[in-house]
Every structure is written in structure tokens, then in C-alpha cells.
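Tertiary structure, described
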Amino acid sequence: MSRNSKKSNDEAYVRMYQQMVRIRAFEDNANKLYLAAKMPGLTHMYSGQEAVAVGICEALKSTDKITSTHRGHGHCVAKGADFKEMFCELLGKEEGYCRGKGGSMHIADQENGNLGANAIVGGSAGIATGAALSAKHLGKDDVTVCFFGDGALGQGLLYEVMNMAALWNLPVIYACENNLYGEYTKVEEMAAGELTARAKAFGIESHIVDGQDVLAVNKLSQDLVARARKGEGPFFMQLNTYRYHGHHVGDINREYYRPKSEEELWKTERDPISNFAKWLLKEKVLTEAELNQIEKDVQQDAKDAVTYAEAADYPDVSEVTLHVYKQNQGEGASQ
Amino acid sequence: MSRNSKKSNDEAYVRMYQQMVRIRAFEDNANKLYLAAKMPGLTHMYSGQEAVAVGICEALKSTDKITSTHRGHGHCVAKGADFKEMFCELLGKEEGYCRGKGGSMHIADQENGNLGANAIVGGSAGIATGAALSAKHLGKDDVTVCFFGDGALGQGLLYEVMNMAALWNLPVIYACENNLYGEYTKVEEMAAGELTARAKAFGIESHIVDGQDVLAVNKLSQDLVARARKGEGPFFMQLNTYRYHGHHVGDINREYYRPKSEEELWKTERDPISNFAKWLLKEKVLTEAELNQIEKDVQQDAKDAVTYAEAADYPDVSEVTLHVYKQNQGEGASQ
Amino acid sequence: MREITLSKAVNEAIAEEMRRDSTIFLMGEDVAEAGTPFKVLSGLVEEFGTERIVDTPISEPGFMGLAVGAAMTGSRPIVDLMFGDFIFLVMDQLCNQAAKTHYMSGGKLSVPLVLRTNLGATRRSAAQHSQSLHALVAHIPGLKVAMPSSAYEAKGLMKTAIRDENPVVIFEDKLMYNDKAPVPEEEYLIPFGEANILREGRDITLIGTSSMVQVCEKAADMLAEQGIEAEVIDPRTLVPLDEDSLINSVKKTSRAIVVDEGHQSYGITGEIASRLNEKAFYYLDAPVQRMGAMDVPVPFSPALEDITVPTPERVFEQALKSVKGELFHGA
Amino acid sequence: MREITLSKAVNEAIAEEMRRDSTIFLMGEDVAEAGTPFKVLSGLVEEFGTERIVDTPISEPGFMGLAVGAAMTGSRPIVDLMFGDFIFLVMDQLCNQAAKTHYMSGGKLSVPLVLRTNLGATRRSAAQHSQSLHALVAHIPGLKVAMPSSAYEAKGLMKTAIRDENPVVIFEDKLMYNDKAPVPEEEYLIPFGEANILREGRDITLIGTSSMVQVCEKAADMLAEQGIEAEVIDPRTLVPLDEDSLINSVKKTSRAIVVDEGHQSYGITGEIASRLNEKAFYYLDAPVQRMGAMDVPVPFSPALEDITVPTPERVFEQALKSVKGELFHGA
Ligand SMILES: Cc1ncc(C[n+]2csc(CCOP(=O)(O)OP(=O)(O)O)c2C)c(N)n1
Ligand SMILES: Cc1ncc(C[n+]2csc(CCOP(=O)(O)OP(=O)(O)O)c2C)c(N)n1
Ligand SMILES: [Mg+2]
Ligand SMILES: [Mg+2]
């Protein structure tokens, strides 16, 4: 595990630890809701990849933007979202981040700079790059991070926007979470050549980092975000990581595409949370008791949020035609 | 000028020279038809780029496929098309290659393996790659060449299909004609990084060649086509070249995007036809008189074809609903 | 007769055709070992191998383009598009290339390919995984559009689609994959452009597409209890459209409702209703009614999603109004 | 009043709005120094610089995507799509992203962007440069669709589009760029959802969109010579649609023809005709007629192309038939 530590960084370490624990707790509860048939539809778990979202988002300020994916709960939590609105959204309740209209695959949290999950693989690459263009155009120093999976490298849109980002030096960072699979297919069956070569082709500086090591991810992110803010972007990061669950919650029997032993290996030896916990103990940033307390608090928080969300109201049926169009100034009711 | 010559190759040299002259003559006549307001619509001239189409197509057999572009007359001639059907098509006549339905931007010549020009920039990259996949699937040894301009590198589709071609070792050659401009914009304003890096990113072997040197183009093509035929594809070629005319026949005042001096330089010092003529003389492949005779014959051929096409009939109006659908066996009239 | 699921019916159709014609291959995301996320294609790769059941990268525009080129050169590709919503990604290759090639080449080139995809909301999949976008492709000349409404149709139409010399888009209802229907063991094909009259009636014609056929049938049951005889018709293909059968039915019943799961505005219902109005105008006792999905992106929340699509109850009510003459001056 | 070309009108609208609001920028292919191939934007880059008039690579899906992200974060992008036919390339970003973002986010995010593009055949540009594809986007909830029919509309609708908080697609008729019309010097906006009655009449209503408004007016002139008074209406926006004005007109005239340059089947004419049939049914003396472009890819040959679109003569003939009661049992 990399070490860029000083005691002065303790606050950040604790926050990153907390955030990773929060993501894991959120996902465990979401999974339970699904198994108990309390959640409508399906959802894609982020468990295992926590260090990526947290290491990156810790390097961002809240006006910085991110775009997210179908596997978006982790990014959402990491960028500062609350459990309550998140669970409400997952259950289709009125108090959800999107008033129940978006659900898991479209969860967005504009106030914290999360422009939303996206159910079109690669679909947010344009949005992220456009947000960066917008910042430049409006004279803001915001940076945008575009999260996407290895599978999204199949989408041509990504190459179009990386080219423009490179041509125009946009403050955008492409964060490719290589979790080795796109649905039920191995990355090497979907992607020819080196992944980073696809960004380098446009002259984009590219990095590969261990996505299970939150400090390594954060260190690289700090550096790239700072440089992007100064106009030295764009950048590309390949973050090697792993998803613990199936592609989605319903993907239970998956041995036909990946062995249990591989899953075991990642879970036992490369877990970003327990490895970071060990490091925090070793470096005496936190005690065993403090770690447990964090875990306990987060669990309680999640439990309360779930309880709240389960009891919360669905949106009124009249909302179905609301928000198709945004009302213009001086206009009557939404058309 | 490169030299892989033996007298035994004379036939090929003469054929390549003829074909280049034919393309130039075709374009000069097409331009005249436009200026005389005899041609419907617009057209994009290939003049200046002849060595690319001819050098490549000379390396192909007639069952090999090509896909072409909006600037497609040169590819069409080089792949073996006749002037008569070509001019008829340009004038929207019934005897045109596409019965007048396609016109300049959709001219196709299936019998010689030309799958057609395309009015969507980059739009044929999928078709070419699919033709290569088809050959593999059907157990044929045909190779497909995908012609496209530097501007088409902006289209994401190209990256999607290059990835698949690389994954599946398809017998396709991507021939990027870098004529320095896409419409009225310089290539460096549209493309970040090195052009060939965009293919290398997928592990595709890439080459840069002087597109004004028909022998150099042909030599590289012979090699790559042979290797693609053996299953060693795909390949990528960047062919540096220049278009003499405007983007299309109507693009007359173009000094705001490229200087006259640049045009002069290419026309006087790098003309693929006159340079090759000099070489043929020097190597005593042809005499001055023979060169003149070729020129004369081609001009006559073009003139006759134009005369024929001008007098030819338009398709009957009943044809307007024909060919929307291909009739299935046992079906009545076209739906 | 044996009953099989719609999923199995599609699988059988493809397998039978692939056995018959070695130029056919299928490609798409996770179609091979995974057999698609809906498991519709399970078992095919075991029989036909990975050369003919081809897993692609997540490159919809790209593999759609490959299919066009393959179809132009002697192969007969079937493209699997995981969700109908992704059709937006392949529109250029489908509509600018596949649909126009035969025409633009004056009949010289042809593009015999099948794009199989799906439609249907109420699966809690939200706005980008729930759309019914068949109207978009039905508007483009050069494409044929099939809308199977049961396992029987799914098999017969798929086989016809595969043998067609033109690009055909076939939309399966993803909520019906596990629905069973009688399907003969013997080979059969369902010709394009022939509507199916599921139920005869003299009081009102209910025209339903795909998922909405069941809705119309249920509404017809409810109407029957009120002594109203509804005729239920499934056009089965939107292009070509069996206008005659629809018109003849309406000439008989003098009333009609067109029910479709695509957005109502600028969609399928407008076209069919217009043709009936034009060509059966003087037979109509009431304006032809239309019931499409609401003109809203599909919301995630079950509380909202369920009201966006036509239901048997609402078709029943609308039919009742129409028959009782309550449709004076429209909605 | 001064007369200016449609091209100049669009140029003025964009320039005025860009002066007013610095968050607006425009991007597309060859929009800066070249001012687009149609020269519509000439001069803008000189005033606003290359930071606000941005030349892009040939990456339609890409820059459409950029516009969505920019619009979500405080900018107001105008996207220039050189030919309407390229809309197929941007459908995913336009329809899955831009159109749905406001709704999917429960109203939190919004996408105020304008996609300006064109339509229109008979320019001898063949099947991939001649399409009129407005029906496709009109079908997608979340998008607004404007169809200017003259320089006056082009300016007023463009300014309204730029100020709208939603994604708006505006289709200009590329054959009308040099057509002049009176356009006030003073600022004006044309609200969305308000049809324009160009000519009053009591015998038949001719509803035309974009390029077809002129066609309807010419047909009305011809009808006038026969003593038939046609009312000519231009809806100006398809979404929102000023249904009331159209219905009221038809209630008055009892007859209507809907004329549009998109393909007839599953397009605009079906929707408008259906609404008239539904809501003015008992006023109609003849079935509402539709005249769209033929359901064929646009052919290159002038001999064929010219017959694919509605002409004043054909609208005139159809109107005559309708008025004379010759439309018994339809076409
Ligand atoms: C355009 C598109 N194609 C296909 C899908 C179906 N799909 C959802 S997730 C997924 C795999 C994505 O893989 P990756 O990008 O590696 O992300 P991961 O799921 O591994 O996090 C696919 C194919 C989709 N949602 N969008
Ligand atoms: C998808 C698409 N976008 C834009 C255009 C308009 N257009 C036609 S040719 C051209 C430039 C193409 O440049 P390049 O590929 O370099 O070919 P060249 O014209 O230089 O031969 C453009 C932008 C088009 N036809 N298709
Ligand atoms: Mg992955
Ligand atoms: Mg070029």
C-alpha cells in the first residue's frame, strides 16, 4: 500500500475509510431489499470497487462534477449523498433524489455535483466532457470526472469526446474502472490492445493504478485533479478493481464466466476496506475500537434510512406528467 | 519514387498509369458537366489523390471488396468501373450503375466488388468490416479495403469496428486518405495525437505511406493484402495526399482555409500522374508517344461516355417505388 | 398442442433457420455462453459454436454496421440488441445504411438482416430500459417491422424475418418471454402483412400490437360480460401493414380503438387511426380512438410507471364510451 | 418592412441572443470561419470568437453529448447539425439523454439546448442528405420541435428556442435559406405552441409544416381561382402542438388536408389527422386527407425525386376532390 501520509492527513484518511464503509453498507442493504422483494427492478452492486470512487471523490470539491454509471451507488455516496434520499430513490419514493422517477440507474445528486448515473453504457462520456467544456466556457475552475467501466471502451462515443477533450485541453478525467468483466464477458474478449493506449492515441496522459488501494487512487487523483484545474487536462486513469457480486443482483450462478476462486482471492486478499483498516491500525490513525464504532454508526445510519424509505410515500400519481418539460419563466403549468 | 520494378511488371505499371489518367479525365469531365449546369446536385472531386485508389485497387482481385466515400469516383474507376454507367449515374439516368437512384454520393459497382460510396462520413467503416467478417464466415479469402478520409477519424464508429476487426483478425485494411482537410478545416484542428496511433491502440499494425507515389502505395498494398488474405489482418494505412479542387465542385473561394501556394506546390511538384509518367519514361516502360496515346484514348472514352450519358433516358417515373424492398421469392410486385 | 414460452419460440426459430442455412450467423452482447441476459438464446452456442453465435464488445453502432456489410456480401446476420432503447445508438447504420442500400444501388445490393430487440414497460427499469420505439423504424422506408404478440407469432415471424431479403426489425415484448402459448412442432412461417383476427365481433374493433394484444383480449372479455362483442385484431407487422383486414373489420363494426405501447404522439396509433379514418370514414359511427403510452419518459417508481401504459380496464372503459355514443366531440 | 433571407434571420436570432446571454455558445462542423456550408452563420465567429463559435471534428454523437453536459452545468449550447439526415447519429444523446434528464432527475437537472438542423428534398442530394426526419424527434417526450416556414418564423422561433429551458430541435428548410420575407428590425419572439393562420377561408383547411406552408399557400391561390376558399395554417411547432387552432379551423371548414415533407407513414400527418378526426369528428364532411413525402428513400435522379414530395398542384387536386365530395370511401 502506498504511503503519502502525515498525521495532518488523518482527517482525510478517516473520511475515506468511512465513505468506503458507507458504500459497502449501502450495497449490503440494497441487496437485502432486493432479496426481500422490497426493491422494484434490479440493481448493480459496487461492492469491491469502493476505493475507486472514494479515492477519486476525496480529491474533488463539491462543485466539481462527476458522471456515473449503471453501477452508480458508490459514486453517489462518495460524492457526498445521503442514505435517506438514496434509499428513497431506490424504492421509488417521493423523497428520493429524483422523486422516485430515476431509480438506481439514474440516481443523481446535483447539489453535490453528481450529474447522474446512466443506463446507457458509455452514455455519460459526452456529458462529462461537456461539463468540462462548460466550466471552461463559464470561467469556472471545476473539474469533471467521468466514471465508466472497461466495457464502455467498446462505445465509439468515448473516442469522439476524448479527441475533443484533448484538442481543447478540457478539465476532464476519464476514470476507467477495469473490473475485468462487462456483464458476463471478460475484458480481453471485448477489448483489443492495451486499454490505456486508447487514450494515449489522442495524446492524453494515461495512468494505471491499483483500484483496491484507496491511498494510491487518491494520490494520483489529487495530482491529476490539480493539474486539470490548471488547464493541463484531460487525463485518463485505468483503475484495476473487481466487483464482488454478480453483474446485477439477479446474477447468482456465475461460475460459467468466472470462477469462485477468483472471487475469493479478491475478497480475501485485495479487499479495499479491510486492507485500508489494517493500514489505519498500523499507522495508528484509528484504533480497533474506533474502526468498530465507524462500522456500527454507518450500519445504524443505513438501517434508519432503510426504515425511513420503506415507510415513505410514493409520489402522487399526478407527478407522472410533471418534469417532462421544465417550466419556462412566465409559463403556466408544465406542458 | 520507390522502385520494385522489373520489366515483367510493365503490364501492371501501364494499367496503373491508365487508371490514374482515367480518374483524372473522369473528374475533369464531371467538373465540366457541373459548370455547364448539366449535372444535378454537387460532387466531390478525387483529382490529386489518384495514386491512392489505383495503388491499392491494383493489389486487389475483383472479388475483393472496397467501400468508398463521398469522394468516391476515383475508387470506383480504380476498382474497374466503366465510364458509361458512371456518367449515366452522375446524371441520374436509367443506365447508371444505380439506375440513377444513387448519384455521385452513392455510386456502387457490385460486380467489381465496390460496395458503394457513402454520404455519411465514416459510415462505411462498419460495412467494410462486416464484409470482412462475412468473408471469414463464408470461408472466402476476399479482402476488404475501407477507404475514408482524415475527417472520418472523428467518427466513433471507426473505433468500434477497428476493435472488433482486431479482436477477430478480420481481413480488412483501413485506408485513411489524409488530404489535410475535412471540408474547410485542417486535420490538426480536428484530430489530436498521431493518426496511426488510433489504430495502433487496438494492436493494429499501421503504416504511413506517400499517397502521391503509386508504386509505394501499391507495394505496401500488395504486402498487406497478401497478409490479410492469410488471416494476418487487420491493417491500417495512412496515405498522405491532397485534393486539387475544392471540397466539392461549388467550393471555389477557398483561400480562407488554404493558400493557393499550397495547392500550387502539390500540383506542380507532387502530382501522382506526371511524376509516374516521368518514371515510366525514365525506366523506358512507355515512350512519350505511348503516354500521349493513353491520354488521348482515355479522353475519347470519357467524351463518348459523356455524350452517351447526356442522351440517355431518365428512369421511368414508375421506378420511384421500385427497390424500396427487394422482392422475396414467391412474392408479387415490390411492396 | 404443446405449449412453449415466447423465449423458447424465438430460440427454436433461430436454431431451425441456422440449421437450414449456414450463411446465417448471430451477433450481439452476451449472446453466446450467457445466452443473453433474458436467456432467450441459451443453448445456441453449444450447437452452432462461437463462429456463428458471436459475442461482441459493447459496440451497438459498430456491430450493427458489421451486420450491414455482412448482409451485403452473402451472409445473413441476425443482430441481437439487448434492449429496444439502444436502437437510438444504431439508427444511422440501420436507417441511413441498411434501409437505403437496396434502393440507392438501384436494386443491385441487398441487406438481408434481422435486428431482434424488445419493447415494453412496467419492468421497473426506468426511462432508458423501458421504451417501445417501433414507431421510429416504422417511419423509415426500406425497413420491415414485426411485432409478435405471442410465442406462436414470435416463432413464425422470426422465421419469416430471417428468410426475408430485406432488413427486418423485430420487437419482442420483454415481459412476455416466459408466457406460454401453443406452438406446433411442425415447421410454419407467418407471412408478413397478414393481420390476425383473434376474436370476431360486431360492435367495436380493438386493434392491438405486441403486448397490447393481450390487453385488448382482456378488455374484450370484460366487454363480453356487458354483452358487447369486440373484434380483436393484431396486425402482426407494421410494415408491411395489412390495411385491408383492419379496414374491413372497422367497416363491419363502425368503431375502433388502436392500442399500442409506444408513446401515443407521433407514433403508431396515429398512422393506423388515420388510415381507418381515411378509408372507412363513411362507415364510422364514432371517431377512431387511440391509446398509446403516455407522452412521458418511463418513470421508475411503480406508482407512476403503471399508469403510463394502456390497461384492459382503460381499454374497456374507452370501448364502452365509444359504443354508448359518449364520444361526441372527442375526449 | 425590410426583407431578409431565412439564412440571415437565423444568423440575426443567434447573434442577438449571444449578445444578450454570455452562457450561450454554438458548436458544430465548419461553423466558424466557413460559417457552415450553407453560410448561415457567416460573421458570427468574427463577433464572438472561436471560444463561442466552436468548430468541432466530424463527431456528431460526441458533440451532441458535449452539449448535453454543458447544458446541465449552466451553459446554453446551440448545436449545429449540418444535415438533418445526421440526426440518426445523435439519437442516443438526444433522446436517451437530453430528452429524459429533467424527468429522470425529478426536475433537478435541466438541459437547455438547441439543436438546429434542416430538412427538405429536391436538392439532388440523394437518400442520405435529403430527409425530413422531424417525426422521429416529435415522438420523444422531453423534446420540443419547431418548424419555421419563413424568415420571420425562423428568427422568432430560434430566439424562443434559445431561451427555452428544455432541449429544442429546430428544423430549417434548406431550400429556403435564400428566400426573403419581411422581418421587423425590432426584437420579437414567437411563442411555442401557437399556430399561425396565414389565410382565412371557409371551405377547407390546409395544414402545412415548414416547406409545405408555401405549397399550401400556392394551392390556396389555385383554389381561389376556382372560387374555393382555403384556410392555411402553419402549426409552427409540432411539440407543443396548437391543437385548438387546428381543430377550430376544421370545425369551421369541415374539411382538411395535412401536408408535410416527412415520409407519410408513421409520421406527422397521421398524428395531426388523428387528432382532428378524434376531436372534430362530428364536424367533418370528408375524411381528413394526408399528404406526406412518399415512403421511399429519396432518389437522386431529378426525374424521380420531384415526384416524391407534395406539390401545389397535387394539394390543389386533392382539395378539389375533397370539396367536391369525391373522397367517398377514401383514396
Ligand atoms: C449501450 C448499452 N449497451 C448495453 C447495455 C447493457 N449493459 C449494462 S451494464 C453492461 C456491462 C458494462 O460493463 P462495464 O462497462 O465494464 O461496467 P461494469 O458493469 O463492469 O461495472 C452492459 C452490456 C447498456 N446498458 N447500454
Ligand atoms: C456524418 C457526416 N457528417 C458530416 C458530413 C458533411 N461532410 C461531408 S464530407 C466532410 C468532410 C470529410 O472529410 P474527410 O473525411 O477528410 O474526407 P475528404 O472530403 O477530405 O475527402 C463533411 C464534414 C457528412 N457527410 N457526414
Ligand atoms: Mg466491467
Ligand atoms: Mg480529408
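Scroll up to find the structure this text is about.
What you see is a predicted model; the values in this text were computed from it and never measured.

1. Quick look at the coordination of the magnesium ion (ligand 4)
Residue and element names in this part refer to chain B. D150 (OD), N179 (OD1) and Y181 (O) make up the full set of protein donors to the magnesium ion (ligand 4), lying at 2.0 to 2.1 Å. According to the relative accessible area criterion, N179 is buried, its value standing at 5%. When its relative accessible area of 5% is taken as the criterion, Y181 is described as buried.

2. Focus: the environment of D:L26
Along the polypeptide, D:L26 turns up in strand β2 (residues 24–28). Residues in contact with D:L26, not counting those within four places in the same chain, are D:I14, D:V31, D:L41, D:R52, D:I53, D:V54, D:I78 and D:D80.

3. Some words on the environment of B:V298
Residues and elements named next belong to chain B. With respect to the helices, strands and loops of the structure, V298 is situated in helix α12 (residues 288–311). Judged by its relative accessible area of 7%, V298 falls in the buried class. Separated by 241 residues in sequence, V298 and C57 have C-alpha atoms that sit 19 Å apart. Apart from the residues within four sequence positions on either side, V298 is in contact with Q18, V21, R22, A25 and F83.

4. A short note on the pattern of salt bridges
All chains considered together, the criterion is met by 102 salt bridges over all chains. C:K159 is the partner of C:E16 in a salt bridge, and the nearest nitrogen-oxygen pair spans 2.5 Å. Within this pair, whereas C:E16 is found in helix α1 (residues 6–20), its partner C:K159 is found in helix α6 (residues 151–163), the two being separated by 143 residues in sequence. Take C:K159: its relative accessible area is 0%, and that puts it in the buried class. Close ionic contact of D:R275 with D:E271 constitutes a salt bridge, the shortest N to O distance being 2.8 Å. Here the residue D:R275 and the residue D:E271 both occupy positions in helix α9 (residues 268–279), the gap between them amounting to four residues, near one helical turn. Here D:R275 and D:E271 have matching classes, each one buried. Here the residues in one salt-bridge network are D:R2, D:K8, D:E12, D:E16, D:E17, D:R20, D:K155, D:K159, D:R163, D:E185 and D:E187, joined through shared partners.

5. Section: the interface of chain D and chain C
Listed by partner, the interface residues are 60 residues for chain D and 61 residues for chain C. Contact with chain C buries surface across chain D, with D:H139, D:Y266 and D:Y282 losing the most and accounting together for 18% of the total. The tally of links from chain D across to chain C stands at four salt bridges. If you look at where chain D meets chain C, you find 29 residue pairs in polar contact (both at pLDDT 80 or more).

Rules used throughout
Residues numbered from 1 in each chain as written. Chains lettered and ligands numbered in written order. Predicted model: local features only at pLDDT ≥ 70, side-chain atom pairs only at ≥ 80, totals over all residues. Heavy atoms only, no water. Donors = N, O, S within 2.8 Å, 3.2 Å for Na, K, Ca; no water. Buried < 20%, exposed > 50% of the residue type's maximum accessible area, 1.4 Å probe, protein only. Helix = DSSP H or I, 4+ residues; strand = E, 2+ residues; numbered from the N terminus. Contact = heavy atoms within 4.5 Å. Salt bridge = Lys/Arg side-chain N within 4 Å of Asp/Glu carboxyl O. Buried area = accessible area lost by both parts, 1.4 Å probe. Polar contact = N/O pair within 3.5 Å; in protein donor to acceptor, adjacent residues only side chain to side chain.

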